[in-house]
Amino acid sequence: MLDRDVLREEPERVRWAIEVKGVEGIDLDQVLAIDEEWRELKAEGDSLRHERNRISEKIGELKRAGDEQAAQEHIQRSGELKESLEEVEQRADTLEAELDAALFELPNIPHESVPVGEDETDNVEVDRWGFDAPRELSDPVIPHYDLGEELEIIDFERGAKVAGGGFQFLKGDGARLEYALIQFMLDLHREQGYTDVFPPIAVNSASMRGTGQFPKFVEDAYRIGGANDEPYDDSDLWLLPTAEVPVTNMYRDEILLDDDLPIKHQAFSPNFRREAGEHGTETRGYVRVHQFNKVELVNFVRPEESFERLEGLREEAEEVLKRLELPYRVLHMCTGDMGFQQAKKYDIEVWAPADDMPDGPEIGGRWLEVSSVSNFGDFQARRAGLRYRAERHESADYLHTLNGSGIALPRTVVAILEYYQNDDGTVTVPEVLRPYLDGQEVIEGHDPVGESAVGAGRKA
RNA sequence: GCCAGGAUGGCCGAACGGUAAGGCGCACGCUUGGAGAGCGUGUUCCCUCACGGGAUUCUGGGUUCAAAUCCCAGUCCUGGCGCCA
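The structure displayed is predicted, hence computed values, not measured ones.

Some words on the overall build of chain A
What chain A contains, in helices and strands, is 13 helices and 18 strands. Based on the C-alpha atoms only, the size of chain A along its principal axes is roughly 105 × 45 × 40 Å. For chain A, the proportion of its 460 residues judged to be buried stands at 51%. Of the accessible surface of chain A, which amounts to about 22200 Å², a share of 45% is contributed by carbon and sulfur atoms.

Points about the pattern of salt bridges
Here the structure, examined in full by the defined rule, presents 39 salt bridges. E125 is the partner of R329 in a salt bridge, and the nearest nitrogen-oxygen pair spans 3.0 Å. With R329 in strand β11 (residues 328-332) and E125 in strand β1 (residues 124-129), this residue pair connects regions lying 204 residues apart in the sequence. A relative accessible area of 13% places R329 in the buried class. In this structure, E316 and K264 form a salt bridge, with 2.9 Å as the shortest nitrogen-oxygen distance. Of this pair, E316 sits in helix α10 (residues 306-324) while K264 sits in strand β9 (residues 263-272), and the two are 52 residues apart along the sequence. Each member of the pair, E316 together with K264, is buried. Several salt bridges converge on common partners, so that one network encompasses E125, R128, R329, E349 and E362.

Here's the deal with the sheet that holds strand β15 (residues 397-398)
Pairing is mixed in the open sheet, where 3 strands are placed in the order β8-β14-β15. Of all strands in the sheet, those with a lone pairing partner are β8 (254-257) and β15, marking the two edges. Sheet topology note: the β8/strand β14 (residues 386-389) ladder contains 4 bridges and is parallel. Bridged to L257 within β14 is R389.

Focus on the protein's contact with RNA strand B
Close contacts around RNA strand B come from 22 residues, with R8, R39, H50, S56 and R64 the closest. Here, RNA strand B places atoms within 4 Å of the protein, and 79% of those atoms are sugar or phosphate. Separating a phosphate oxygen of RNA strand B from a side-chain N or O atom of R52 is a distance of 3.1 Å. Breaking the surface near RNA strand B down by element, the ones donating at least two residues are α1 (4-9), α3 (28-65), α4 (68-105) and β14. The element that contributes the greatest number of residues to the surface near RNA strand B is α3, accounting for 13 residues. Residue composition of the surface near RNA strand B, by class: 3 nonpolar, 5 polar and 14 charged.

Overview of the packing of helix α2 (residues 11-20) against α3
Closest axis-to-axis distance for the α2/α3 pair is 11 Å, and the angle between their directions is 145 degrees. Note on packing geometry: the crossing formed by α2 with α3 is right-handed. Judged by residue contacts, P11, V14, R15 and I18 of α2 engage L28, D29 and L32 from α3. Residue composition of the contact of α2 with α3, by class: 5 nonpolar, no polar and 2 charged.

Topic: the nonpolar core
Counting residues in hydrophobic clusters, the biggest one holds 58 residues, and the most contacted among them are L181, M185, L321, L326, I416, V427 and L433. Looking at this core element by element, the count peaks at 8 residues for helix α7 (residues 173-191). Other than its neighbours up to four places away in sequence, V427 contacts L147, L151, I416, L417, Y420, Q421, N422, E441, V442 and I443. Counting 28 residues, the second largest nonpolar core, distinct from the first, contains V23, A102, F340 and F379.

Let's talk about the side chain of S371
Among the secondary structure elements, S371 is positioned in strand β13 (residues 366-377). Within the structure, the side chain of S371 is placed 2.5 Å from the backbone oxygen of S405, a separation counted as a polar contact. The residues contacting S371, other than those within four sequence positions of it, are A317, Y346, D347, I348, G404, S405 and I407.

Let's talk about α3
Compared with the 56 Å implied by 1.5 Å per residue over 38 residues, the 55 Å span of α3 between its first and last C-alpha is a close match. By the burial criterion, the buried members of α3 are L28, V31, I34, D35, W38, L41, G45, L48, I55, I59 and L62. Summarising the contacts, the buried residues of α3 are in contact with α1, α2 and α4. Two or three places before D29, at the start of α3, stands the capping residue D27, its side-chain oxygen 3.2 Å from that residue's backbone nitrogen. Once α3 finishes, G66 follows within two positions and takes phi at roughly 85 degrees, a positive value.

A short note on unusual backbone geometry
For the peptide bond that leads from D139 to P140, omega is -5 degrees, which places it in the cis range. Here P140 lies in the loop between β1 and α5 (144-150). In this model, E325 sits at a positive phi of 55 degrees, which is unusual for a non-glycine residue. Assessed through its relative accessible area of 44%, E325 is described here as partly exposed.

Structural notes on the pairing of β9
The buried fraction of β9 is high, at 10 of 10 residues. When strand β4 (residues 195-196) meets β9, the two strands line up parallel, connected through 2 bridges. Along β9, the bridge assignment pairs T195 with H265. In this structure, β9 lies alongside strand β10 (residues 291-301), joined through 10 bridges in antiparallel fashion. Within β10, the residue paired with F272 across the bridge is Q291.

Criteria and cut-off values
Residues numbered from 1 in each chain as written. Chains lettered and ligands numbered in written order. Predicted model: local features only at pLDDT ≥ 70, side-chain atom pairs only at ≥ 80, totals over all residues. Heavy atoms only, no water. Helix = DSSP H or I, 4+ residues; strand = E, 2+ residues; numbered from the N terminus. Buried < 20%, exposed > 50% of the residue type's maximum accessible area, 1.4 Å probe, protein only. Areas by Shrake-Rupley, 256 points an atom, 1.4 Å probe, with all protein chains shown as cover. Salt bridge = Lys/Arg side-chain N within 4 Å of Asp/Glu carboxyl O. Pairing = 2+ DSSP bridges. Near = heavy atom within 4 Å. Polar contact = N/O pair within 3.5 Å; in protein donor to acceptor, adjacent residues only side chain to side chain. Nonpolar A, V, L, I, M, F, W, Y, C, P; charged D, E, K, R; others polar. Axes fitted to C-alpha atoms, helices over the stretch in contact; angles between N-to-C directions. Left-handed = near helix turned anticlockwise from the far one by under 90°. Contact = heavy atoms within 4.5 Å. Core = buried A, V, L, I, M, F, W, Y, C linked by side-chain atoms within 4.5 Å. Expected span 1.5 Å × (residues − 1).

Structure follows, in structure tokens:
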């Protein structure tokens, strides 16, 4: 949510933000008019109430003095005032509600360093890493979804059977690889100064609103009890779409001390997303699923430090891929593709060499977004009531929030299965992960289970 | 799930229908040779250029001229009982 003062004092910047972010359906002049009228009514209501308070005070005095008749007269006047007051305040409340609703619809203002552009084609690549001397690839590279099934380490069919499409089993070394990645990432980020938090997996509507998932993305969430299109209130529960929700809301409506900042939390959790309608070759396999694991990084910082911290956060996230020795690139997201709440955002995309896509790198394969790191400025903080007190004697101010996926796990698994694939169909375990796999160097796969494998000729 | 108690400013804590005592911490000012003590102001939100005003005793309703106080509903916390991976 934007500051009302920004709206009033710099409407042109707000107008610019709406335009370059491509937000539609907003009549800013209308919003400004509502604000204007609300302020007038507010002033009017305040002075009416002032008068009424005076009279009420007087009634008390008269009653104590025993002047019942004069008291009655004042009571009458007070009643009259109450009527006009109610009328004015009701209109003011209506307008303020409209104003708040409108403020929720206004996007965050992009930082001046953000490239202006319409869509993903206008994002600017700012870095590319690991392509100077890449590993020698298997020929051909088998896509992870085929290899995963062949090796019996990812089971899409049985996942669909027990939960539905978009859910899958990881089996044997597949599951162990996932655990290893989780532990590796958590250890790395702890090294970088992060404090672990294991959050609630269910979050209430108030939290979803605090981080900005609601009201826009209700249809993307999994509701616990009740259908998504039924009315919900603050206490209804949802499965978290990202640990950003519980962790950012952790200090909601609190005032932190200057000494507390910066706070760096990392949170491992499963994430649940409906991803309605997202099916096809681009999302096939372990790329866009309904449940996936992620280690999320959340920072709470002093306002003046947030843009510098964003660069630090980006390096912290990149370090995961560097240590895994997976080639990747970094994109500076343009205004039209950066999202509603962000002031500045980078995407980190890992190289998955199996499937050639038109917008992939020249040497083949494709880019998979594994992390996006964002600075929200005070946009989320204002929405969630996250404040800090710089000096004990000063009033509290909104702090700044940032987050970054410390790399989404499934796509990292995809990159490993494809990039570290060997000609014999096995997969070499990246060196940094071996300690987490009891020293295992190669994933060779497992025998299939069940009669269907016999029919397919994969088992005698 | 049942029963009981509770929720007041940054913190502690009164008031229990008449318009939120008192204390503590912190900051600034006055005072002082200096320190301490003392005094004053500030340490929530909103409107206003400002003066000033309004709101705020967990939340939402209600009664009343007037609600922290009385009534109803809810949330959370504490304790006891029950259930339980």
